[in-house]
Amino acid sequence: MPRISPRLVREALWHSRLLPPLLRANPEIAMAKQELRWIKNELPRDQWRDAITRRSKLEPLQYILGTQPFGELDIECRPGVLIPRWETEEWVTKLSNLVASRCPKKNIHIVDACTGSGCVPLLLNHQLNGQSDISSQIVGFDISLEAFNLANHNLARIDNSTPNVKFKQLNLFSESLVQELAVDEVDILVSNPPYIPKEDFYSSMYMNGVEKSVRLYEPALALIGENEFYEALLAQLILPMKIKAFVFELGYQLQVDFVKTFLEGKGWEVGSMNDGSGKIRCVLGWRKEMDFMQKLAEEKSS
Amino acid sequence: MIPLVRLAGRSPCWIVWATKWTRPYSTVDVSGTLEKLASVPKIHPLLIQRAEVMQAEFKTIEAKVAEGNFEQELSIRFSNLSIILDNYNQYKSDMAAFDELKELISEEGQDHELVEEAVAEIEATIPQVQRSVQVLQSRLLPQQKYSDKPCILELRPGVGGSEAALFTEDLMQMYINFANTKRWKHHIVSRSEGNNGFVNEVIISIDDPGAFQALRHESGVHRVQRIPLTESKGRIHTSTAAVVVLPKISEGNESSLKEDERLFAPGEVRIDTMRAGGKGGQHVNTTDSAVRLVHIPTGITVMQQDERSQPRNKAKAFSILRARLAALEREKEIVEQRRMRTDQVTTTDRSDKIRTYNYPQNRVTDHRCGFSLHDLTGCMAGSKLEELMEKVEEHEFEQRLEELIAQERKA
Ligand SMILES: C[S@@+](CC[C@H](N)C(=O)[O-])C[C@H]1O[C@@H](n2cnc3c(N)ncnc32)[C@H](O)[C@@H]1O
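The numbering scheme is per chain: residues are counted from 1 as the chain's sequence reads. Each chain gets a letter, beginning with A, and each ligand a number, beginning with 1, in the order they are written. Given that the model is predicted, a residue must reach a pLDDT of at least 70 before its local features are reported, and side-chain atom pairs must reach 80 or more before they are shown or counted; all residues, however, enter totals for whole chains, interfaces and linings. With hydrogens and water stripped out, all remaining heavy atoms of the structure feed into the side-chain values.

- Chain B has the name Peptide chain release factor 1, mitochondrial in an unreviewed UniProt entry, where Suhomyces tanzawaensis NRRL Y-17324 is given as its organism.
- UniProt positions are given in the numbering used here, feature names are shortened, and annotations may be inferred rather than shown by experiment. The Sequence similarities (unreviewed entry) comment attached to chain B in UniProt states, word for word, "Belongs to the prokaryotic/mitochondrial release factor family."

- As named in an unreviewed UniProt entry, chain A is Modification methylase HemK, taken from Suhomyces tanzawaensis NRRL Y-17324.

## Considerations on the domain arrangement of chain A
- An automatic or database domain assignment is the source of the domain bounds shown. Assigned domains of chain A: these are domain 1 (6–57) and domain 2 (69–76 + 78–301).
- Between the C-alpha centres of domain 1 of chain A and domain 2 of chain A the distance comes to 34 Å.

## Thoughts on the packing of aromatic side chains
- In this scheme Phe, Tyr and Trp rings, the latter by its six-membered ring, pair at centre separations within 6.5 Å, and the angle between planes marks the pair as stacked below 30 degrees, edge-to-face above 60, and tilted otherwise. Inspection of the entire model under this criterion finds 11 aromatic pairs over all chains.
- For the pair phenylalanine 258 of chain A and phenylalanine 262 of chain A, a centre-to-centre distance of 6.2 Å together with 40° between the ring planes defines the contact as tilted. Linking phenylalanine 258 of chain A with phenylalanine 262 of chain A, this pair stays in helix α12 (residues 253–263), spanning four residues, or about one helical turn.
- Consider the rings of phenylalanine 167 of chain B and tyrosine 357 of chain B, whose centres lie 5.4 Å apart with planes at 65°: the pair is edge-to-face. Taken together, the positions of phenylalanine 167 of chain B in helix α6 (residues 161–181) and tyrosine 357 of chain B in strand β9 (residues 353–358) put the pair 190 residues apart, joining distant regions of the chain. One exposure class covers both phenylalanine 167 of chain B and tyrosine 357 of chain B, and it is buried.
- Members of the aromatic cluster, joined through ring pairs, are Tyr230, Phe246, Phe248 and Trp268 of chain A.
- Charge-over-ring placement is defined geometrically: NZ (Lys) or CZ (Arg) within 6 Å of the ring centre, and within 35 degrees of the ring normal. Across from the ring centre of phenylalanine 262 of chain A, 5.1 Å away, lies the NZ or CZ of lysine 266 of chain A, which sits over that ring.
- In this structure, lysine 279 of chain B packs its charged tip against the face of tyrosine 252 of chain A, placed 4.3 Å from the ring centre. Secondary structure elements are defined from DSSP: runs of H or I of at least 4 residues count as helices, runs of E of at least 2 residues count as strands, and each element is numbered from the N terminus. Summary of the burial criterion: residues with accessible area below 20% of their type's maximum are buried, those above 50% are exposed, and those between are partly exposed, where the area comes from a 1.4 Å probe applied to protein chains only.

## A look at the packing of helix α2 (residues 31–39) of chain B against helix α4 (residues 72–106) of chain B
Residue and element names in this part refer to chain B.
- As a packed pair, α2 and α4 sit with axes 11 Å apart at the nearest point and diverge in direction by 155°. When the interaxial angle is binned, α2 and α4 end up roughly antiparallel. The crossing of α2 and α4 is left-handed. When α2 is examined against α4, the residues Thr33, Leu34 and Leu37 are found in contact with a partner set consisting of Phe98, Lys102, Ile105 and Ser106.
- Amino acids outside the nonpolar list (Ala, Val, Leu, Ile, Met, Phe, Trp, Tyr, Cys, Pro) and the charged list (Asp, Glu, Lys, Arg) are all regarded as polar, and Gly is one of them. Residue composition of the contact of α2 with α4, by class: four nonpolar, two polar and one charged. Lines are fitted to the C-alpha atoms to define the axes, a helix being fitted only along its stretch in contact, and any angle between axes, read from their N-to-C directions, falls within 0 to 180 degrees. An angle counts as roughly parallel when it lies under 35 degrees, as roughly antiparallel when it exceeds 145, as roughly perpendicular when it falls between 65 and 115, and as oblique in every other case. The crossing is said to be left-handed when, going from far helix to near helix, the turn is anticlockwise and less than a right angle, and right-handed when the turn is clockwise. A contact between two residues is defined here by any heavy atoms of the two lying within 4.5 Å.

## Focus: the interface of chain B and chain A
- Taken together, the contact pairs 33 residues of chain B with 51 residues of chain A.
- Summing the contributions of chain B and of chain A, the shared interface buries around 3200 Å²; its carbon and sulfur component is 43%.
- Two parts placed together each lose some accessible area under a 1.4 Å probe, and the buried area is that loss summed for both. Among the residues chain B hides against chain A, the three largest losses belong to Gln282, Asn285 and Arg308 of chain B. Together they make up 29% of the total.
- Salt bridge, as applied in this entry: a Lys or Arg side-chain nitrogen positioned within 4 Å of an Asp or Glu carboxyl oxygen. For the pair chain B and chain A, the number of links is three salt bridges.
- Among the salt bridges present, the one from aspartate 306 of chain B reaches arginine 37 of chain A, with a minimum N-O distance of 3.5 Å.
- Two N or O atoms form a polar contact when they lie within 3.5 Å of each other; inside protein one atom must be a possible hydrogen donor and the other a possible acceptor, and for residues adjacent in sequence the pair counts only when both atoms belong to side chains. The tally of links from chain B across to chain A stands at 22 residue pairs in polar contact (both at pLDDT 80 or more).
- Class assignment of the residues belonging to the side of chain B that touches chain A gives a composition of four nonpolar, 19 polar and 10 charged.

Right, dumping it as structure tokens:
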């Protein structure tokens, strides 16, 4: 833990007695104040102290407050399941806007592999159904029972009136994945699979690694992974099910290159996109009939 | 004196008196009444012209409505015009009646009883006519831009350090109190503090469609004179806070965001997200939802960070950006119109103090109209602010009229 200067602590104390512990999670006082405000806004007074203690031990604020905003939705968060990230929110919003305005097919089937809290299917459903002439059927699956339960819980909280979203507990690497998934047709496959290589998972933020709070509190099952996940997405789902378009989140150019190489000569266009802070964030691919997808790609090669 | 347009029918009272026109001689002193009559405000000829144009427009719309056209815009215009023209026709018949009564009482050798009745009639109707002339006048003056919009208030401390920051909060509370007395919905959009822990910006939204019209004259530097709580020697300090009133154009939520973003050309707005270093994505879970917009052509910068949701911060920022741009555009238009009218550009200096809040004297003085309200407490509680604002509004109204007159002289 970085040492906190006495001056900073004094400054924090001047603002509120509750503030100094939050400096451990937030080296900047402005951020600490912001978090204190959120804690005060969202939790009853008798929970503030406990919340601050937990946060000072680097527990993610989202587990403490219990939610993370995701587009117009509030997704419930629980330890054991990955917290939805703004980068994911960003590409999912872009994708749904594009599909709503450009997709030639009006009844569209989407699968979200490694769905975690269910945030991706729920936001897609929220954006697509009702706001456009598109109707969508979305299935999300995850290997983790905790994730499966939370996704269903989020579905019930947000919108259990429509049968448009379903969750299943499945292993992406299962030999009989296609049968277990039991959907006839898929137009778009999306996924935010674990993409942090082991060595980065155990190194510090300054060395391409992860935040301590991530390492200490979020499930390694949701985070550690390399090309094997992209390979499985392509070989287990895209090719056998003849899916026509995909968007996969990732964190490294090498992962983009892997997907490109894998699909070379198979009649696919593949591109990539950056996130709002300019970092490589997604690989996407489409077959000719879905070429509206290229709008999302900043750079592509076939 | 303005040219009169006589109504088809004569005024009813005249007919009554005409039949009574039997007895000789009047000895009633009518000079006071004549004076009062002369003091009844007349609608400016330019505004009469406007009314005549409206009359013509009303006829065409009336015809369309008669043919069964019930488009919403048309019906709204129709009912708006009919209200104004009702006022206008009332005005015309009032003036015609006054003219004839005036003729009657100033004529030599008039019947005594008749003159007395006419005088009584005039005296009784003058206040009513005065009021309706005012109403008509304000309806005929060109509509101010954004007069049907809610508003965004931005408050920032000026000179005076922490005392200025405290005063900024007092002003914010005053506007919230005012909104409460009007039963207007309002909310704090964002609030930020400097490193010293004092507020350096508060943005509030007042969500009533009439809020911009009501509050637009609050823009400017507000000055406070009082003994700060921290002042041990009991000296009076002077500090200031700046208030900016903007027309609220967009809601500032996720649904308005899409439209707001579409309105700008690609590259016109730079969107900065304040992300911590590192790789982002799965590697990081800190909430870093702050958004900064930079409008490249004008350099306007808006920063929002109060929400945990980045799109929500972005939506708020876009809403504020649009409000600031609308205000900028409105200012330009006003300057341009003035230039066209008077050849000279007189803009109010942004650093001009518009109002002083003097606590020891329990007094608020508005420097634009020179009016002092001797109830600072009531003003800060929101209940007396309107009285002050009405005085400013009157003053501004007169100025606008004068400008119209100046324009007419030029033409
Ligand atoms: C990075 S998280 C993404 C969660 C969610 N989609 C999101 O964006 O917040 C990856 C998810 O993949 C799941 N997962 C890991 N291995 C899996 C496997 N073999 N089959 C299916 N899901 C798996 C994890 O349980 C975790 O929920």
